[in-house]
Every structure is written in structure tokens, then in C-alpha cells.
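One-letter residues, chain by chain:
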Amino acid sequence: MAPGTLREAFSEVSGCEAHGRSFCCAGDLRSVWFRSGPRRDTGLMVIPVRQPKDRSQGPAPRLDSLSRRAAHDPPAAIRLAQVTWPVIFVVDHDPSSLRVLLADLTRRFGRAFTVNGAGSPEAALIAVQELARAREPLALLLVDDDSVDVLTRAHELYPRAKRVLLVDRDYSSTSPAVQAIALGRADYHIVRPWADDEMLYRAVSEFLSSWTKDQEPKFELFRVVARKGDRRVLRLRDVMARFNLPFAVYPAEEEAGRRLLREAGIDASHLPVVIRHDSQAFIDPRLPDLARALGVSVTNDMDVCDAAIVGAGPAGLTAAVYAASEGLNTVLLEQAISGGQAGTSPMIRNYPGFPHGIAGGDLMEQTCEQAWLMGAHIVFAQQAVALERRGDRRVAHMLDGSEVSARAVLIATGVDWRRLGVPGLEALVGSGVFYGAAVGESRAMRDQDVFIVGAGNSAGQAAVHLAKHARTVTLVVRGDSLAKSASAYLVRAVEATPNIIVRHRTEVVDGGGDGHLEHLTLGDRTANTVERVPAAALFIMIGGEPHTQWLPDSMARDGQGYLVTGREIREESPARWPLGRDPMPLETSMPGVFAAGDVRKGSIKRVASAVGEGATAVRLVHEYLGS
């Protein structure tokens, strides 16, 4: 720190100089921007806060006890200056607009964040570089549309900082916001002018919440102690990530892990162990054990209902919302945890109502809460193993021996990822090889070389997400174009991400490692050659196999196992339909049993489509029960 800088900062905060006004960002010293050199040379702004004229305007800005001590104790001041607080940085070429925006943000967020700004891209980049050299955390970067390049340059220094573009209202396709967000150069946008300050505060709160969520958790609701390479940790990570639970994994071979085991009174031979925040320990927990630890129901105490829904993906959860809200006594049964494949998607950009996208897990969690609050009875870790027609009731048999008797049933069990079928890789599932996005593994991919097999939206979303953590992400695509199977916005995002590599007409033909994936063998279908490449992880997303094996053989399916519904039953399997009336849309060949979402033949593999089918199915259930 240059001589005089700390004194200058204190004088600004205390109001001893600077023309009789006091300068602060939160009423205390922690948010003062410590910098060297005169203010006029940096382009940085310190916010002037006028002293109130009377008590009705609130108390005067003042230093807290620590700041007061520091003002009279230089060593304490130096220690205080070393405290780092996350930074919100604003770039706006209009001085008056910048001053107002800094004051507004400081008023609401200044107690937890340092708020600073610059009036030009050049000054902003100098400031961000100083932040990086000082290892100061940058949480949010807001720039006007004349400073878009700052987002790209700053992203190289702070890849986890959230980038916000300030734009004028312009619904043309040429708006800077359209290109910046589509190409991954900005995470969010704010349209100016906003009607009131609360609109700005709500938006910025959302952005900061997203940034905070990406950081390592400070509070650990669960601590997992396991040996390095234990494949069971994957299941534990997945469950906790899906429920948005803060957790950490501690290797049993290290002192921190050994200490946790000692405190819990558990021998190291009993692993893995999940230790809850209240010190309750679960040894090698299965899914029902984890669900109980989370406080959710895993036993069904409602054996008779109007509507039984099997599967808690987008279609099943939506059906539960509508069925319960419309007065049907509703039971929702899920063999694992809610969300389905949609719950593993790191970011869904094309779901209506979320212009900046929404994480699949967040969307499914909110829908699950909504179904519960509407009155649906939700049971997790409860697998249906059979379905039968018993008079005018439809009875679902559960793995634990219980039964659920319903007047109507909706099958929304979705699909599983198709297996790759390479023996060397199947042996490493959970140890560097994953089916699906494996949302709990993102942070573990930091600075690694990662591969994804697939060419659909799920694969594209996973690639863009993992590219934020991994050194390189390689998409292995059998076909000659990603655009044939992925949405255009995802293709643009993939192309604009520099550390994503797309290898067309390529297959994974082999792989291996010593207990963990270390290498892959790629086959080039055009050149008819093979290449061995180092790999830390492989994520496989190559189509689906429907969850219909548990249903009776009498129910009509197509050649791949998807349920046939509606008029197609009469066209393809007329002998399987027992009634004189035509099947309803979405109704299966067992009257009173409906199908929605990915499990149904001909369904559109999009989350919004599954949501629509779930809502439609409830309307059809009402018609069926009324007839």
C-alpha cells in the first residue's frame, strides 16, 4: 500500500477532509476502496454520502467499533485493510448515472459487499486487474452496453463472477443483450430505466444469490467421510446436490476426515459416513436413509386415493400440482428423488418465464414444494414394481410390499440414459465415468480435461456448465453436426466457449485407468483411426431407455419400450384395448392409466412439453372419473 493511501481512506471515511463531507460505502471502513495514486488518475469512484440535516433523515454515517479502533491504531488499520469483502463493480460512461447507481447499490448491499465503479472500460480493467492482484473476490460486474468488452476481459480473471449488462429497452434481435447472453459473454441483463429501486434490488439480489451458491459452502449441513475413489460417494453427492444441500467430502486418509470420525465415535472400517450438522451419523446410507436424514417421507401411509402419480419429473410434479389443487386426493410416488433428468440439467435457457435460464434442480425443487403445498402426498425412495387392474381401481405394488389403490394412475417415470456398452468404462461408473450430468461433480472437474458423449440439449447444457470449471470440455458427437439435435442457442453458446472442443463423427470405443478413469480411446469414423487421450471424467448422455419394465406385458409399448397412448393404440395394438370407446389422449391400453412425459411414445423431449402433458393428463383424469 502506497504511503498516504490508508490516511486518505480514513480521511474520506471520517469526513476530516474532502470538503466537509464524509465518504463511505456501508457506514464502516470495510467497504472503502483501498488504492494507490490520486483518485483523479484511476477513474474509480468513492461514493459521497451527505450528512443528514436532521434526525428524520436517519443517523449520520459512522464507523463501527472496529473502524473507530483502527482510526486511532495504525496496526489495527492495516489489519482491517487486509479484510476482503466481495466486490460489486459498476462500469457506466455516464457520470451521473454511475453515481446514482453506486449510491443505490451501496444503500442496499453495502453492509456485505464493497461497491465500486469506473467511468470507462480502461479504468475498469485497471481496477479489476488490481482486484485480482490483491486476491479480492469479485462477485458482480455490471457494465453498460458501451463497455461489453470489459465482461470478456474480466471473465478471464474472474471466471465465477456474475456478469450483468445494463441495456436500454429494445426488443429487437440486434440488441446487445441478445448476442451477449446467447454467446455466453453475459449471465444476466437489466433493462433501464427501472420503475423503482426495488426492481433493481430484486434483480441484483438474485444475481448475488447465484454467485454465492457457486462458492464453496461456508456452512456444511452434511459432511461425508469416505475413502478416496469410493464410488458410493457419487450417489451421496447427487442426492445432496439435487436437494441444494450444503455439504463437503472429507477423505478418510486425511486428518480432517480422521478427526470427524473420532468426534462421531465411528471406526474407519465403516465407510462412507454421512455426518449431519447435529452430529447424527449415517453409516453407508442407502437412498431411504438419506431421505430420512433430509426429513422427507419414505413410507406411504395413504393406501387409497383418487390419483396415483408414479414418477416425480416435470410431468409427474406438474400433474401433482394440478391434481391436488383441483381437489383430487393425490399420491406422488418416486423411486429416487424428485426432478428426473430435468433435475440434473445445470441450466435450462429455453423454459418460458426465465429469461436468464434456470437450473433444472431449482425448477424441479420449486415445483415439488408447490405440489406439496397444494396438498399432494409425496413419497420419495419408493419404487413401484407392478401395476394391476382390480375392478374399478388401479393398484400399484411397491418394492416394500405396500399397495396404493387409486381410481386413476398417471405413469410419468421418464427415461434412463442409454448405456454406452464399453466394458472397460462400465467398470469405472462412479469413478470418473458418469451417466447424466452428475450435478454434484462440477467442482471436482476444476482444471481437468473432461469429455461428454452426446449431441442433444442435455449434452450441450452440461458442456457449457462444465466449461466454467474444467480446463477443456470435449463433446464427442457421432454425427456431422451438433445443430441437428441441439437447440440453436446452445449451439451458439458451445461455439462461443473457447475451452469447448467438438469432435464430429467420433465415438468412444474404449477407456480405462487404475481404479479411476485416466484415458479414453476415440475412434474417428471419417479417417478410420483411433486415438488415445488423457481424460479425468466422461459424462454419457446418449438417448434414453424408458422406465416401463415394471408394467404388465398387456400394456402396449413400441419396439423401444415407450408406452403407446391415445388413438395409436387402436392403430397399432387394437387387440389390447378392452373397451368400446376410443382411448383418450394420453391414455394407455389399460383404461384409467395415463402416461405423460418422456416415457410416452412420440413425446417431445423438452421440459415445457412434459409440463404441458402433466397438466393435460389431470384434465383427462377428471373426464375419465366423470364418465
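Please refer to the structure higher up on the page.
Residues numbered from 1 in each chain as written. Predicted model: local features only at pLDDT ≥ 70, side-chain atom pairs only at ≥ 80, totals over all residues. Heavy atoms only, no water.

Asks: For the overall build of the protein chain, give the residues involved together with the corresponding values.
Replies: Across its full length, the protein chain holds 19 helices and 28 strands. Restricting to contacts in the protein chain with at least 6 residues of sequence separation, those with at least 24 account for 63%. Per element, the accessible surface of the protein chain, about 29200 Å² overall, is 51% carbon and sulfur. (Helix = DSSP H or I, 4+ residues; strand = E, 2+ residues; numbered from the N terminus. Contact = heavy atoms within 4.5 Å. Areas by Shrake-Rupley, 256 points an atom, 1.4 Å probe, with all protein chains shown as cover.)

Asks: Requested: an account of the pairing of strand β21 (residues 472-476), with residues and values cited.
Replies: Of all five residues that make up β21, four are buried, and the element is covered over most of its length. Note: strand β20 (residues 449-453) against β21, five bridges, orientation parallel. Across the sheet, V453 pairs through a bridge with V476, a residue of β21. Following the backbone out of β20, through helix α16 (residues 457-466) and into the adjacent parallel β21, one traces a crossover that is right-handed. Judged from the four bridges that link them, β21 and strand β22 (residues 500-503) form a sheet pairing that is parallel. Looking at β22, one finds that L475 is bridged to V502. Regarding topology, helix α17 (residues 488-496) serves as the crossover connection from β21 to the parallel β22, and that connection is right-handed. (Buried < 20%, exposed > 50% of the residue type's maximum accessible area, 1.4 Å probe, protein only. Pairing = 2+ DSSP bridges. Right-handed = clockwise from strand over helix to strand, strands pointing away.)

Asks: Quick one: what's the story with the side chain of D104, residue by residue and with numbers?
Replies: For D104, the location among the structural elements is in helix α5 (residues 95-109). For D104, a relative accessible area of 8% puts it in the buried group. Setting aside anything within four residues of it in sequence, one finds D104 in contact with D197, L200 and Y201.

Asks: Please provide a residue-by-residue account of the nonpolar core, values included.
Replies: Counting residues in hydrophobic clusters, the biggest one holds 39 residues, and the most contacted among them are I452, V473, L520, L538 and F539. For this core, the secondary-structure elements that each account for two or more residues are β19 (433-435), β20, α16, β21, α17, β24 (519-524) and β26 (537-540). Those residues in contact with L538 that lie beyond four places of it in its chain are L420, L425, G432, V433, F434, F451, V453, V508, L517 and L520. Judged by nonpolar contacts, the second largest core, of 38 residues, contains L317, I378, L586 and V618. (Core = buried A, V, L, I, M, F, W, Y, C linked by side-chain atoms within 4.5 Å.)

Asks: Before we move on, can you summarise the pairing of strand β9 (residues 247-251) with the specific residues and values?
Replies: Most of β9 is tucked away, with four of its five residues classed as buried. On the question of chirality, the crossover connecting strand β8 (residues 222-226) to the parallel β9 by way of helix α10 (residues 232-242) is right-handed.

Asks: I'd like a rundown of empty space enclosed by the protein, residues and numbers included.
Replies: Tallied over the full model, the rule gives three cavities of 30 Å³ or more. Taken as a whole, the largest cavity spans an internal volume of roughly 70 Å³. If you trace the largest cavity, you find it lined by A307, A308, I309, A319, A323, L328, A408, V409, L410, A617, V618 and V621. Elements with a minimum of two residues in the lining of the largest cavity: β12 (304-310), α13 (314-325), β17 (403-411) and α19 (607-626). Of the residues that constitute the lining of the largest cavity, the class distribution is 12 nonpolar, no polar and no charged. (1 Å grid on protein atoms, 1.4 Å probe; cavity = no way out; pocket = protein on both sides within 12 Å on 5 of 7 lines; lining within 4 Å. Points joined across faces, edges and corners; volume = space filled by probe spheres on them. Nonpolar A, V, L, I, M, F, W, Y, C, P; charged D, E, K, R; others polar.)

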